[in-house]
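# Architecture at a glance
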Amino acid sequence: MVENKKLIEPKSMFGHPSGLYVLFFTELWERFSYYGMRALFTLFLVSKTDSENPGFGWTNSEAIALYGWYTMLVYLASLPGGWIADKILGQKKTVMLGGILLCIGHTILAFDSELSFYLGCFFVILGVGGLKPNISSMVGGLYQKGDERRDLGFYIFYMGINIGGFVAPILCGWIGETYNWHYGFGLAAIGMFFGQLTYFYGQRYLVGVGDFIGKSSHPDNKLIKHKLTQVEKDRIKVLLISFLLIIVFWGAFEQAGGLMNLYAKQKTDRMLLGIEIPASWFQSLNSFFIITLAVSVGGFWMRWKLKGKEASSLYKIAIGILIMGFGFILIVAGFILGLVRLLGLKDGQIPADYDEQLDQLYLSYIVMFVGMVITSFLGFGGMFRRAMTSFVSSEE
């Protein structure tokens, strides 16, 4: 993606361009809709057709298979979404189009039929592909070269993502699991409409940001014809190699909405102080830990760097993936230890309804969060900056 040059000085609010807060709340509500729907996805599919809150009655393996296809297509959709922004519409209009498609998709999901579920997922995939890869680039376009506020701007924007990711499973999950799955999907749709309205009425704060640069009159048009230097080509080769690690990382990370969601529902004792915690609420843990602990994890690597022990991006990625894998090992280990205790108490008879303890799942999520922060933010972020240095330097 190519970021645009700021054409005029934007209005400021709290020390940052006002457009940052337009993008902040747009993405907050978009992530609210996405994670709210994701928290219910597999739970709805496996819910029995004859239950008080009926779903499709699928098996776990069928539900996870569809969730895998859905998630894969969501990620792949960013490729045509980025291409459309760069070659046809520009980032600003592509985000607008993506938001419209998301509103349509989440609204369709609120209807109770198998066709509406598939059709809604289709529109959500298209919408995320148009909005997600472009709105982040627009944040960078709010700032001039060398602006020290830029990194903080991205941090503020990212907090919006995680606020949405934290609140959505709690609200949509509770309504969906307690009352009706499609009420939860409908609440996600309402959130997306809030985000789209924010973006629509905030256009006056985004003048000169995310415009189509294909026109010869645009100041950034020269970037399209920019030829890669040999150093840039080598860096991109390293970036392509890292994609293999990216596949492993996101494949593990996205189990939160699939395998671990079902595990929390079916194999975890979720009673706390006499109240049963909805399984979908566990989807909020990752965002909660990011909001509360990400600075501490990042501070560790910063102190490591100040001591002259800076680690490479690939090293951080590898370490993060290993730590995330250890989180899954904790789940397996806790389950096995629990069974061993039961073997001694039940004369070798393992109860079919054995549930793992709640704290074991909490601990696993914490470990996975640490792995995610190291891999995604520190590892991939550093690699992206190194691979695209020439483009970032040339854009302004």
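### What to know about the pattern of salt bridges
One pass over the full model with this rule turns up five salt bridges. With its nearest N and O atoms 2.7 Å apart, the salt bridge here joins Glu 30 to Arg 31. One exposure class covers both Glu 30 and Arg 31, and it is buried. Here Lys 265 and Glu 177 are joined by a salt bridge, their closest N and O atoms 3.2 Å apart. Of this pair, Lys 265 sits in helix H9 (residues 259-266) while Glu 177 sits in helix H6 (residues 149-178), and the two are 88 residues apart along the sequence. When its relative accessible area of 34% is taken as the criterion, Lys 265 is described as partly exposed.

### Concerning helix H5 (residues 114-141)
Between its terminal C-alpha atoms H5 stretches 41 Å, which fits the 40 Å expected from 28 residues at 1.5 Å a residue. A bend of about 30 degrees at Ile 135 is the largest found in H5.

### Observations regarding the nonpolar core
Membership of the largest hydrophobic core comes to 56 residues, with the highest contact counts inside it found for Leu 23, Phe 41, Leu 45, Tyr 70, Phe 117 and Phe 185. When contributions to this core are tallied by element, the ones reaching two or more residues are helix H1 (18-46), helix H2 (60-76), helix H4 (91-109), H5, H6, helix H7 (181-201), H9 and helix H10 (285-306). Beyond its immediate chain neighbours, meaning those up to four positions away, Tyr 70 contacts Tyr 34, Met 37, Phe 41, Cys 121, Val 124 and Ile 125. Counting residues in hydrophobic clusters, the runner-up holds five residues, among them Phe 249, Phe 253, Ile 321 and Met 324.

### Digging into the packing of H1 against H2
Between H1 and H2, the least distance of the axes is 7 Å, while the angle of their chain directions is 155 degrees. It follows that H1 is roughly antiparallel to H2 by the angle criterion. Crossing handedness for the pair H1 and H2: right-handed. Here H1 contributes Tyr 34, Met 37, Arg 38, Phe 41, Thr 42, Leu 45 and Val 46 to the contact with H2, which in turn contributes Asn 60, Ala 63, Leu 66, Tyr 67, Tyr 70 and Val 74. When grouped by side-chain class, the residues that make up the contact of H1 with H2 number 10 nonpolar, two polar and one charged.

### Focus on H2
Counted at 1.5 Å a residue, the expected span for H2 with its 17 residues is 24 Å, and the 24 Å between its end C-alpha atoms agrees. Residues of H2 that are buried sit in contact with H1, helix H3 (78-89) and H5.

### Here we look at the side chain of Ser 33
Within the fold, Ser 33 resides in helix H1. With relative accessibility at 0%, the residue Ser 33 sits in the buried group. Setting aside residues no more than four positions away along its own chain, Ser 33 makes contact with His 106, Ala 188 and Met 192.

### Quick notes on the packing of aromatic side chains
Throughout the structure, instances matching the rule amount to 21 aromatic pairs. Geometrically, the ring pair formed by Phe 166 and Phe 288 is tilted, given 5.9 Å between the ring centres and 35 degrees between the ring planes. One end of the pair, Phe 166, is in helix H6; the other, Phe 288, is in helix H10, with 122 residues separating them in the sequence. For Phe 166, a relative accessible area of 28% puts it in the partly exposed group. Three or more aromatic residues joined by ring pairs make a cluster, and in this case those are Tyr 34, Tyr 35, Phe 41, Phe 44, Phe 56, Trp 58, Tyr 67, Tyr 70, Phe 117, Tyr 118, Trp 181 and Phe 185.

Quick notes on the rules
Residues numbered from 1 in each chain as written. Predicted model: local features only at pLDDT ≥ 70, side-chain atom pairs only at ≥ 80, totals over all residues. Heavy atoms only, no water. Salt bridge = Lys/Arg side-chain N within 4 Å of Asp/Glu carboxyl O. Buried < 20%, exposed > 50% of the residue type's maximum accessible area, 1.4 Å probe, protein only. Helix = DSSP H or I, 4+ residues; strand = E, 2+ residues; numbered from the N terminus. Expected span 1.5 Å × (residues − 1). Bend = angle between axes of the 7 residues up to and from the residue. Core = buried A, V, L, I, M, F, W, Y, C linked by side-chain atoms within 4.5 Å. Contact = heavy atoms within 4.5 Å. Axes fitted to C-alpha atoms, helices over the stretch in contact; angles between N-to-C directions. Parallel < 35°, antiparallel > 145°, perpendicular 65-115°, else oblique. Left-handed = near helix turned anticlockwise from the far one by under 90°. Nonpolar A, V, L, I, M, F, W, Y, C, P; charged D, E, K, R; others polar. Phe/Tyr/Trp six-rings, centres within 6.5 Å; stacked < 30°, edge-to-face > 60°.

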